[in-house]
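Observations on the model geometry
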Amino acid sequence: MASVTKLFTATAVLVAVEEGTVGLDSPAGPSGATVAHLLAHASGLGPDGGVLDEPGRRRIYSNAGYEVLADVVAERAGFAFDRYATEAVVDGLDLAHTMLAGSPAWGATASARDVAALASAWLVPGGILSRSTVEEAARPFLATLDGVLPGFGSQSPNEWGLGPEVRGHKSPHWTGTHNSPDTFGHFGRSGTSCWVDPAVGVALVWLSETEFGPWAVEAWPKLADALLDELSS
């Protein structure tokens, strides 16, 4: 799944928040950062570690931040994060072809059907995540932060929720021009992507055998617009 893994990890962390294992305002990562900062790539951690800025100053996409999140949940839960995430997400959604092992930032494997089930849990909450949690997580956290959207350059602002990226009015972007600003999701370097557009009640999953590149920058928005045009006709 590459970085679509972060949607699975974020879901597990939010389950931990609902269960009281951690709090969104629990200290985590660099001094002054919280679980929410790490989920939204606002902790100041660099892509692969090292503090590059103070928390809440810039949107710095960080795999290392998700490693820290997993460690925090594991410490509070008293057992390994991959076990926690498996019980919370894989078992909770009855995902038959998902394995959450390796890096919590990029190491998951899953089928298209399983990713669609995860997207459905965000699109129609009330199962493993409550509606209020999803609504909070799908809103931009520190909405005015600037940053780089990997593969699409600097964005001002670079809106991000508590796990999923939020489309907002970014341009260029990997979703379609007809997607609502409330669209949220994630894509990965392995050619995977998943978005949810709550304005129209639709989610789209794309799995590929070709790594992310110019083909995806062109194809993903076209597919999104074609789908939304078809649904509106």
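In what follows, the structure referred to is the one given above.
For the structure given in this document, a descriptive report is provided here. What you see is a predicted model, and the numbers here were worked out from it, not measured in a lab.

Let us look at the side chain of Thr133. In this structure, Thr133 sits in helix α6 (residues 131-137). Leave out the neighbours within four places in its chain, and Thr133 touches Leu14 and Glu18.

This part takes up the pattern of salt bridges. Per the stated rule, a full pass over the model turns up 7 salt bridges. Among the salt bridges present, the one from Asp53 reaches Arg57, with a minimum N-O distance of 4.0 Å. Two residues, Lys170 and Glu165, come together in a salt bridge whose shortest N-O distance is 3.0 Å. Residue Lys170 is classed as buried on the basis of its relative accessible area, which comes to 3%. Overall, the relative accessible area of 2% leaves Glu165 in the buried class. Counted as one network, the salt bridges with shared partners bring together Asp53, Glu54, Arg57 and Arg58.

What follows deals with the packing of aromatic side chains. Evaluation of the coordinates by the stated rule reveals 13 aromatic pairs. One aromatic cluster in this structure is built from Phe152, Trp174, Phe187, Trp206, Phe212, Trp215 and Trp220. Note that Lys6 overlies the ring of Tyr66, its terminal NZ or CZ placed 5.9 Å from the centroid. Here Arg83 stacks its cationic end above the ring of Phe79, 4.0 Å away from the centre of that ring.

In terms of nonpolar packing, the biggest core is built from 50 residues, with Phe8, Leu39, Phe81 and Trp122 touching the most fellow members. For this core, the elements supplying multiple residues, two or more each, are α1 (5-19), α2 (35-39), α3 (63-77), α4 (81-90), α5 (112-123), α6 and β5 (192-197). Ranked by residue count, the leading element in this core is α1, at 8 residues. Not counting the four nearest positions on each side in its chain, Phe81 is found in contact with Thr9, Ala12, Val13, Ala70, Val73, Ala74 and Pro104. By size, the runner-up hydrophobic cluster in this structure holds 13 residues, among which are Phe152, Trp160, Leu204 and Leu228.

Consecutive side chains of a regular strand alternate in pointing toward one face of the sheet and then the other. Burial analysis of β5 places 6 of its 6 residues in the buried class, the great majority of the element. Here β5 shows a buried face lined by Thr192, Cys194 and Val196 and a second buried face lined by Ser193, Trp195 and Asp197. Between strand β4 (residues 184-188) and the antiparallel strand that follows it, β5, lie 3 residues; Gly191 among them carries a positive phi value of about 90°. Sheet topology places β5 next to strand β6 (residues 202-206); 5 bridges connect them, and they run antiparallel. Residue Trp195 lies in a different strand from β6, and its bridge partner there is Leu204. Between β5 and β6, which pair antiparallel in sequence order, lie 4 residues; one of them, Gly201, sits at a positive phi of approximately 70°.

Calculation criteria
Residues numbered from 1 in each chain as written. Predicted model: local features only at pLDDT ≥ 70, side-chain atom pairs only at ≥ 80, totals over all residues. Heavy atoms only, no water. Helix = DSSP H or I, 4+ residues; strand = E, 2+ residues; numbered from the N terminus. Contact = heavy atoms within 4.5 Å. Salt bridge = Lys/Arg side-chain N within 4 Å of Asp/Glu carboxyl O. Buried < 20%, exposed > 50% of the residue type's maximum accessible area, 1.4 Å probe, protein only. Phe/Tyr/Trp six-rings, centres within 6.5 Å; stacked < 30°, edge-to-face > 60°. Lys NZ or Arg CZ within 6 Å of the ring centre and 35° of its normal. Core = buried A, V, L, I, M, F, W, Y, C linked by side-chain atoms within 4.5 Å. Pairing = 2+ DSSP bridges.

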